[in-house]
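Single-letter residue listing:
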Amino acid sequence: MMIVVTLVVGLLGAWIGRWLALPMGELFGASIAVVVFLKLTRQQVRLPRPLITVVQIILGISIGLSIGVQELLNSFSLLLFCGLVLCMLSQTTANYLWLVRREKWPSFEAMLGAVPGALGVVLMISESQQNPSPRVAFAHSVRLLLLMLIAGYIASGGEAADNLSHQLLQQDIPHLLVLGVLAILAGKLAVRLGIPAPYMLTALLVAALYNSYVMGGDVLVPVPLLSMATSILGVLMGSRLVQASWREAGRYARAGLVITLQGVLITLGFALLFTLMTDKPWQALLLAWAPGSVEAMTAVGLLLGLEPAFVAISHVMRLTLLNLAPALFKRPLQHSLHKSEVG
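Chemist: What's the story with the overall build of the protein chain in this structure? I'm lost.
Modeler: A tally of helices and strands in the protein chain yields 16 helices and two strands. Within the protein chain, the fraction of its 343 residues that count as buried is 52%. Across the protein chain, every contact between residues at least 6 apart in sequence was considered, and the portion connecting residues at least 24 apart equals 78%. For the protein chain, the accessible area works out to roughly 16,100 Å², and carbon and sulfur atoms hold 68% of it.

Below is the structure:
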């Protein structure tokens, strides 16, 4: 019963956040509402796994459907791809070293906290552990909040282009059901292989291939469905944040602030370097490689005339790589988790 009440409170908070037109209103509105509610009631909840699986599938499909495989191949040069990967690796390495050496985080949590984005997949991996820590949720919340506020204020004078969702169309329903079934079946196989965040990864891959080669890029996740998944993700985030004391919250928020600033400065350095080697302006590269959201950074690129298509494609590719990373680096993740548990 407490889980149901918490979900209702979170959805109400998400509605208020959206009504107030806050950046990522559903996510942060739900999170704040859940934190306040659980603090007042002195309760703790843990969302059931089937609900988390649904969120993984919806978020994975929403990202996958935004990927045009041929468009990615046509728009991304090898040099720019290498720049994106090197920038992400540098961000992750610098953040990991700071969290381990200065903040004294366990290596597994530091690895999750160091990832420059992909809040959904990071929370899903964290939630799969026996005792999820609020550290990771705090660090990513601060990162996302800072970047969203900056992008939100810059983009407030124009129309934000949302390329991940639209209103529900009747002809999309059969395709979304097929994608859901395929994602579940592929996800079950991924679970057997021990891949972290399995349903999000398989949903992303299935949706990208289906939309590119079966539907030709005409299907998107409807707004209400994506909003619901984002709100539940906010509830999950809030249920983790509430576990920290005020003193711990201050330390974790400081860690989030430092790794966010590190990430932005590293991105700026790579943007200035690669603008000398390519025809892309450094401002466009900064927006494209910053660890922010697809919608916010694309809107800023659109308003400033900084190649919004390139910015959007870059962020979709960044999210794709971050969602694939747990499968590609399964062994290091397991090693760092074992090291954390032993330590």
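That covers the picture; the talk isn't over yet.
Chemist: Can you help me understand the nonpolar core in this one?
Modeler: Counting 49 residues, the largest nonpolar core has L47, L59, I61, L65, W105 and L179 as the members making the most contacts within it. Only α1 (2–19), α2 (25–41), α3 (49–65), α8 (134–154), α9 (173–192), α10 (198–213), α11 (223–241) and α12 (246–275) provide two or more residues apiece to this core. Of the residues forming this core, the biggest block, eight residues, is contributed by α11. Those residues within four positions of W105 in sequence are excluded, and the remaining contacts are L99, V100, A110, G113, R135, V136, A139, Y252 and A255.

Chemist: What exactly am I supposed to notice about the pattern of salt bridges here?
Modeler: It is possible for side chains bearing opposite charge to pair when their charged atoms get close. A complete count under the given rule lists three salt bridges for this structure. Among the salt bridges present, the one from E26 reaches R18, with a minimum N-O distance of 2.4 Å. Here E103 ties to R254 by a salt bridge, and the two come within 2.8 Å at their closest N and O atoms. Here E103, found in the loop between α5 (78–101) and α6 (107–114), pairs with R254, found in helix α12; they are 151 residues apart in sequence, far enough to count as distant.

What counts as what
Residues numbered from 1 in each chain as written. Predicted model: local features only at pLDDT ≥ 70, side-chain atom pairs only at ≥ 80, totals over all residues. Heavy atoms only, no water. Helix = DSSP H or I, 4+ residues; strand = E, 2+ residues; numbered from the N terminus. Buried < 20%, exposed > 50% of the residue type's maximum accessible area, 1.4 Å probe, protein only. Contact = heavy atoms within 4.5 Å. Areas by Shrake-Rupley, 256 points an atom, 1.4 Å probe, with all protein chains shown as cover. Core = buried A, V, L, I, M, F, W, Y, C linked by side-chain atoms within 4.5 Å. Salt bridge = Lys/Arg side-chain N within 4 Å of Asp/Glu carboxyl O.

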